[in-house]
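A look at the structure
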Amino acid sequence: MVGGEAAGYVAPAAPQQVCIPQSSADWSWEQDVNHYPEWSYTMFNKKTLLALLISAAAANAMAASSEAYVAQDGNNQQATVTQEGGAQLALVFQDGEGNIGTTYQAGSDNRSGVYQSGNLNTAAVSQNSVNSDSTVAQSGIANNAEIKQVAANNASLVFQTGEANNAEVTHGGGGGHYSLVTQNGFSNDATLKQGGNANWSYITQAGNDNKANVGQYGNNNLSDVSQNGNDNVATVSQKDTGIVNADQIGTGNELRVTQGDLAVADILQTGEFNDVEIEQKGSGNYANVDQYGQSNNAEIGQSGTDNDAYIVQSGVSNMAVAMQSGVGDLASIIQAGSNNMATVTQK
């Protein structure tokens, strides 16, 4: 990290790499019925899956009623599960063609699932929540996925692989929040809002029309946006002591970050139409931007005291601006080749 690390900086954990199954033959989990969201993919057949679903439902029934599991295979599937109060659990498995999904839960120990494989996927989970969790996994073609949770201990996860991906997650104020959206290829988009309290978030996208729009609000924010190739854009808004650690790699890169007190923004871009704007309001903020090739532009605005701003650029149409107002601020700009310009304003 150029220019050193801010005091108290904690690097966010990297998003997990998730293997999305390609067909019903690929579905299964390492079983831990007491920690459902921690199940992970291994390669087993559908009989094994069903056995695990049944044992999970049985474990849940011992705890306090509610349960549901659905397994479908081919053609115009659609599955709807609605549960209200109790110790709910719901799993939906689908395989190929008209997939849709939908689970609604309501108040108490919640869980959920929904795993789809090929064709016109859609899945929506809504929990009304107490202990929450949730997972949507999807594989190929017209993917979409929405999870809403509302308060209590929340979790969420959404994995997608290929085609018209989209994913929207909302948690709600007063929850323990956490989230992970991983997308892979084509028309990616991901919108994630969290609300006040414990927040977290990760969004990882890979190729094509990437976009990501986070927005966390108050309390222990942390965010990690990683994009890879094509028309990248990402926007993050945080209040309180947020951390944003964002990497973009290639093509239409663009990134906007807004933060409050004691915030950290650590941004890496590499190639093409790079552009970064960071605005931090408050004291003890830290912003670091590394850019490398093409139409670079980086702007950091900080207001308050004891803020640090670092910008490193490398080649082509460089421009860098650091504006700080307050006392005890520090700014550093390094540029290399082409139409350089640098401005530092402190007052």
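These figures come from a predicted structure and were not determined experimentally.

Now for the overall build of the protein. From N to C terminus, the protein includes one helix and 37 strands. Counting only contacts in the protein whose residues sit at least 6 apart along the sequence, the fraction spanning at least 24 positions is 11%. When the accessible surface of the protein is totalled, it reaches about 13400 Å², and 52% of it is carbon and sulfur.

Read from one edge of the open sheet, nine strands run E11-E14-E17-E20-E23-E26-E29-E32-E35, paired in parallel fashion. At either end of the open sheet lies a strand with only one pairing partner, and these are strand E11 (158–159) and strand E35 (330–334).

With that out of the way, let us pick up the pairing of strand E28 (residues 276–281). The alternating pattern of E28 places Val276, Ile278 and Gln280 on a buried face, while none of Glu277, Glu279 and Lys281, on the opposite face, is buried. Examined bridge by bridge, strand E25 (residues 255–259) and E28 share five bridges and lie parallel to one another. In the sheet register, Gln259 faces E28, and the bridge partner there is Gln280. Of the pairings in the sheet, the one linking E28 to strand E31 (residues 298–303) comprises six bridges and is parallel in character. Each bridged residue has a counterpart across the sheet, and for Lys281 the counterpart in E31 is Ser303.

Here the structure, examined in full by the defined rule, presents three aromatic pairs. Taking the centre distance of 4.9 Å and the plane angle of 85° together, the rings of Tyr178 and Trp200 count as edge-to-face. Taken together, the residues Tyr178 in the loop between strand E13 (168–170) and strand E14 (181–182) and Trp200 in the loop between strand E16 (191–193) and strand E17 (203–204) connect sequence positions 22 residues apart. According to the relative accessible area criterion, Trp200 is partly exposed, its value standing at 39%.

A few words on the nonpolar core. It is characteristic of soluble globular proteins that their nonpolar side chains tend to be buried jointly. Judged by nonpolar contacts, the single largest core of 39 residues is most densely connected at Val181, Ile267 and Ile278. In this structure Ile278 touches Val257, Ala265, Ile267, Ala287, Val289, Glu299, Ile300 and Gly301, once residues within four positions along its chain are discounted. Counting 15 residues, the second largest nonpolar core, distinct from the first, contains Leu157, Leu180, Ile243 and Val264.

Before going further, it helps to spend a moment on the confidence of the model for the protein. Here the protein averages 79 in pLDDT, while 82% of its residues score no lower than 70. Counting interchain partners and residues more than four positions distant, the pLDDT-below-50 stretch residues 1–54 has 112 contacts.

Right, let's talk about unusual backbone geometry for a bit. Phi angles above zero are rare outside glycine, and Asn119 is one such case at about 95°. Relative to the helices and strands, Asn119 resides in strand E7 (residues 118–119). The class for Asn119 is partly exposed, based on a relative accessible area of 26%. Phi at Ser134 takes a positive value of approximately 155°, unusual for a residue other than glycine. Mapped onto the secondary structure, Ser134 falls in the loop between strand E8 (124–126) and strand E9 (140–141).

Along the polypeptide, Gln138 turns up in the loop between E8 and E9. Owing to a relative accessible area of 0%, Gln138 belongs among the buried residues under this scheme. Among the polar contacts listed, one links the side chain of Gln138 to the side chain of Gln116, at a separation of 2.8 Å. A polar atom in the side chain of Gln138 sits 2.8 Å from the side chain of Gln160.

Along the chain, the position of Glu67 falls in the loop between helix H1 (46–64) and strand E1 (69–71). Residue classification places Glu67 among the partly exposed residues on the basis of a relative accessible area of 39%. Here the alpha-carbon distance between Glu67 and Asn110, two residues 43 residues apart in the chain, equals 9.7 Å.

Next up on the list: the pairing of strand E32 (residues 308–312). Among the five residues that make up E32, four are buried, leaving the element largely enclosed by the rest of the structure. In this sheet, E32 lies alongside strand E29 (residues 286–290) in parallel orientation, the contact comprising five bridges. Counted as the bridge partner of Asn288 is Tyr310 from E32. When E32 meets E35, the two strands line up parallel, connected through five bridges. Bridge pairing links Tyr310 to Ser332 in E35.

Procedures and definitions
- Residues numbered from 1 in each chain as written.
- Predicted model: local features only at pLDDT ≥ 70, side-chain atom pairs only at ≥ 80, totals over all residues.
- Heavy atoms only, no water.
- Helix = DSSP H or I, 4+ residues; strand = E, 2+ residues; numbered from the N terminus.
- Contact = heavy atoms within 4.5 Å.
- Areas by Shrake-Rupley, 256 points an atom, 1.4 Å probe, with all protein chains shown as cover.
- Pairing = 2+ DSSP bridges.
- Buried < 20%, exposed > 50% of the residue type's maximum accessible area, 1.4 Å probe, protein only.
- Phe/Tyr/Trp six-rings, centres within 6.5 Å; stacked < 30°, edge-to-face > 60°.
- Core = buried A, V, L, I, M, F, W, Y, C linked by side-chain atoms within 4.5 Å.
- pLDDT = per-residue confidence, 0-100.
- Polar contact = N/O pair within 3.5 Å; in protein donor to acceptor, adjacent residues only side chain to side chain.

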